[in-house]
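# Understanding the architecture of this molecule
Each chain is listed here by its residues.
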Amino acid sequence: MQTEPTAEDKSKDEFFERLANLSEEMVANHGKDFSMGALVLAARWIAENRVGQLKTN
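The rules behind these values
- Residues numbered from 1 in each chain as written.
- Predicted model: local features only at pLDDT ≥ 70, side-chain atom pairs only at ≥ 80, totals over all residues.
- Heavy atoms only, no water.
- Helix = DSSP H or I, 4+ residues; strand = E, 2+ residues; numbered from the N terminus.
- Buried < 20%, exposed > 50% of the residue type's maximum accessible area, 1.4 Å probe, protein only.
- Polar contact = N/O pair within 3.5 Å; in protein donor to acceptor, adjacent residues only side chain to side chain.
- Contact = heavy atoms within 4.5 Å.
- Expected span 1.5 Å × (residues − 1).
- Bend = angle between axes of the 7 residues up to and from the residue.
- Patch = residues over 30% accessible without salt bridge, like charges linked within 9 Å, V, L, I, M, F, W, Y side chains within 5 Å.
- Areas by Shrake-Rupley, 256 points an atom, 1.4 Å probe, with all protein chains shown as cover.
- Salt bridge = Lys/Arg side-chain N within 4 Å of Asp/Glu carboxyl O.

## Section: unusual backbone geometry
In the Ramachandran plot, asparagine 49 falls in the positive-phi region, its phi being about 55° despite a non-glycine side chain. Topologically, asparagine 49 is positioned in the segment after helix 1 (7-47).

Pasting the structure below:
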């Protein structure tokens, strides 16, 4: 028995679609290595609670 997706499920699906589109655009413009590195770096920033923080030299 399937249930209707919740608002949260729908929101997550929309983010995954946006992320997929962005990933495809990055690969097309800069290749797989850049794209994977950028996504890994973003995940690292999230894990380290650094999202939204700008670092200056």
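And the narrative resumes.
## Observations concerning the side chain of serine 23
Here serine 23 is to be found in helix 1. Judged by its relative accessible area of 17%, serine 23 falls in the buried class. A polar contact of 2.8 Å, which involves the side chain of serine 23, links it to the backbone oxygen of leucine 19. Residues within four places of serine 23 in sequence aside, it is in contact with Ser35 and Leu39.

## Some words on helix 1
Under the 1.5 Å per step criterion, the end-to-end length of helix 1 is only 25 Å for 41 residues, more than 12% shorter than the ideal 60 Å. Taken as a whole, helix 1 carries its principal kink of about 130° at histidine 30. Every buried residue belonging to helix 1 is among Ser23, Met26 and Ser35, and all of these are buried. Asparagine 49 sits one or two residues past helix 1 and shows a positive phi near 55°.

## Observations regarding a nonpolar patch on the surface
Taken together, the side chains of Phe16, Leu19, Leu22 and Leu39 make up a nonpolar region of the molecular surface, amounting to roughly 380 Å² of accessible area. With respect to the helices, strands and loops of the structure, leucine 22 is situated in helix 1. The class for leucine 22 is partly exposed, based on a relative accessible area of 43%.

So yeah, pure geometry; function would need other evidence.
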